[in-house]
Amino acid sequence: MADARVLFSVLSDSAIYQFIPVDPPASPEELKERFRRYCEGPVQGHNEEWLNWMVALEPEGIPVGTLQATIFQTTHSASIAYLFGPPFWRQGLATEAVGALTQWLIGQKVRSVTADIDVRNQSSIRLVRRLGFRLVSVRPKADFFKGGSSDEYSFVYDRRDLPST
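Remember, it's a predicted structure, so these values are computed and weren't measured experimentally.

Caption draft 1: Representation of the overall build of the protein chain in the model. The secondary structure content of the protein chain amounts to 4 helices and 6 strands. Ordered by position from N to C terminus, the α and β elements of the protein chain give α-α-β-β-β-α-β-α-β-β. Taking 165 residues into account, the globule formula puts the C-alpha radius of gyration at 15 Å, and the protein chain, at 16 Å, falls close to it. Oriented by its inertia axes, the alpha-carbon framework of the protein chain measures out at about 45 × 40 × 40 Å. Sequence separation of 24 or more characterises 54% of the internal contacts of the protein chain that already satisfy a separation of 6 or more. By element, 52% of the accessible surface of the protein chain is carried by carbon and sulfur atoms, the whole surface being about 9,700 Å².

Caption draft 2: Examining the pairing of strand β5 (residues 134–145) more closely. Across 8 bridges, the pairing between β5 and strand β6 (residues 148–158) is antiparallel. Bridged to Asp143 within β6 is Ser150. In textbook terms, the turn of a hairpin is the stretch between consecutive antiparallel strands, and for β5 and β6 this stretch comprises 2 residues, one of which, Lys146, has a positive phi near 50°.

Caption draft 3: Structural view of helix α2 (residues 28–40). Under the 1.5 Å per step criterion, the end-to-end length of α2 is 18 Å for 13 residues, consistent within 8% with the ideal 18 Å. Taken as a whole, α2 has its buried residues at Pro28, Leu31, Arg34 and Phe35. The arc that holds the buried residues of α2, viewed along the axis, is 120°, so those residues lie on one side. Of the residues trailing α2, Gly41 is marked for its positive phi of about 85°.

Caption draft 4: Here's a closer look at the pairing of strand β1 (residues 48–57). Where β1 and strand β2 (residues 62–72) come together, 10 bridges link them in antiparallel fashion. The partner of Asn52 across the bridge, within β2, is Gln68. If you look at the hairpin formed by β1 and β2, you'll find 4 residues sitting between the two strands, and Gly61 has a positive phi there, around 75°.

Caption draft 5: A look at the sheet that holds β2. In space, the 6 strands of this open sheet follow the order β1-β2-β3-β4-β6-β5, with mixed pairing throughout. What marks the edges here is a single partner per strand, and that holds for β1 and β5. Averaged over all adjacent pairs, the angle separating strand axes in this sheet is 25°, with direction ignored. Bridge analysis of β2 against strand β3 (residues 77–84) gives 8 bridges, and the strand direction is antiparallel. By the bridge assignment for β3, Gly65 is matched with Phe84.

Caption draft 6: Just the nonpolar core, in detail. Counting residues in each nonpolar core, the largest one holds 38 residues, and the members touching the most others are Leu11, Ile80, Tyr82 and Leu105. Filtering out sequence-adjacent residues up to four positions away, Ile80 remains in contact with Gln68, Ala69, Val98, Leu101, Thr102, Leu105, Val113, Thr114, Ala115 and Phe133.

Definitions and limits used
- Residues numbered from 1 in each chain as written.
- Predicted model: local features only at pLDDT ≥ 70, side-chain atom pairs only at ≥ 80, totals over all residues.
- Heavy atoms only, no water.
- Helix = DSSP H or I, 4+ residues; strand = E, 2+ residues; numbered from the N terminus.
- Rg over C-alpha atoms; globule rule 2.2 N^0.38 Å.
- Contact = heavy atoms within 4.5 Å.
- Areas by Shrake-Rupley, 256 points an atom, 1.4 Å probe, with all protein chains shown as cover.
- Pairing = 2+ DSSP bridges.
- Expected span 1.5 Å × (residues − 1).
- Buried < 20%, exposed > 50% of the residue type's maximum accessible area, 1.4 Å probe, protein only.
- Arc of directions from axis to C-beta.
- Axes fitted to C-alpha atoms, helices over the stretch in contact; angles between N-to-C directions.
- Core = buried A, V, L, I, M, F, W, Y, C linked by side-chain atoms within 4.5 Å.

Structure representation (structure tokens):
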């Protein structure tokens, strides 16, 4: 949770939150509280595991964003989310990080990885397609936030789609 102070300047940019039903943190303390809730994990008995990472540039350790994965034990599947600061967009950093996360999850015996993306978020859609995710469904009015409805695409990366070795 010490990462909250370091990440606040990156994750407080409102442009990040245009297509998700969350507002930017108002302070490092608010971000720390979010991280605390993430670290607590799901309600007991949900058979899921919450994993969270800070993404930083090496070797300087400059924070650029976060990755999240929820692993569902009963279905051997995972759902991912990611946030990257606008100064780090369109540099391939998110593609590299999300790709590494996806491959790590598959290596953990997860059968499929899902990314749910607002249909207006073209950059994120291009990112998951580049990584081999395929569109499996569209959910009209999946959410309502910031004064309007949000339709969502559901993309899946499935271990069964990989070439056998």
